[in-house]
Amino acid sequence: MPLLLLILFIGVLAYFIWRHNATTLTRNCRWREDRARGVWRCAFCGAETQSRDAPRDCLRDRR
Ligand SMILES: [Zn+2]
């Protein structure tokens, strides 16, 4: 089934392109962990969020 493999390959390629664009859009965010208060703070836009792991998205538009 070469056609199926081709479709799968295009799907994976599209996924990586989408991931690249998503990370480019939020590359300005610099999340720093504030252990004293238990929050993550973005040094770039000043957004804060309570999370166990580093946030991936910029919360700039939600403020
Ligand atoms: Zn940010």
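Above: the structure in question.
Residues numbered from 1 in each chain as written. Predicted model: local features only at pLDDT ≥ 70, side-chain atom pairs only at ≥ 80, totals over all residues. Heavy atoms only, no water.

**Observations concerning the pattern of salt bridges**
Piece 1. In this structure the tally under the stated criterion is four salt bridges.
Piece 2. The partner of Glu33 in a salt bridge is Arg35, and the shortest N-O contact between them spans 3.4 Å.
Piece 3. The partner of Asp34 in a salt bridge is Arg37, and the shortest N-O contact between them spans 3.2 Å.
Piece 4. With relative accessibility at 48%, the residue Arg37 sits in the partly exposed group.
Piece 5. Shared partners join several salt bridges into a network, and the residues in it are Asp34, Arg37, Arg41 and Glu48. (Salt bridge = Lys/Arg side-chain N within 4 Å of Asp/Glu carboxyl O. Buried < 20%, exposed > 50% of the residue type's maximum accessible area, 1.4 Å probe, protein only.)

**As for the environment of Phe44**
Piece 1. Along the polypeptide, Phe44 turns up in the loop between strand 2 (39-42) and strand 3 (48-49).
Piece 2. By relative accessible area, Phe44 is classed as partly exposed at 44%.
Piece 3. Distance in space between the C-alpha atoms of Phe44 and Arg32 is 10.0 Å, their sequence separation being twelve residues. (Helix = DSSP H or I, 4+ residues; strand = E, 2+ residues; numbered from the N terminus.)

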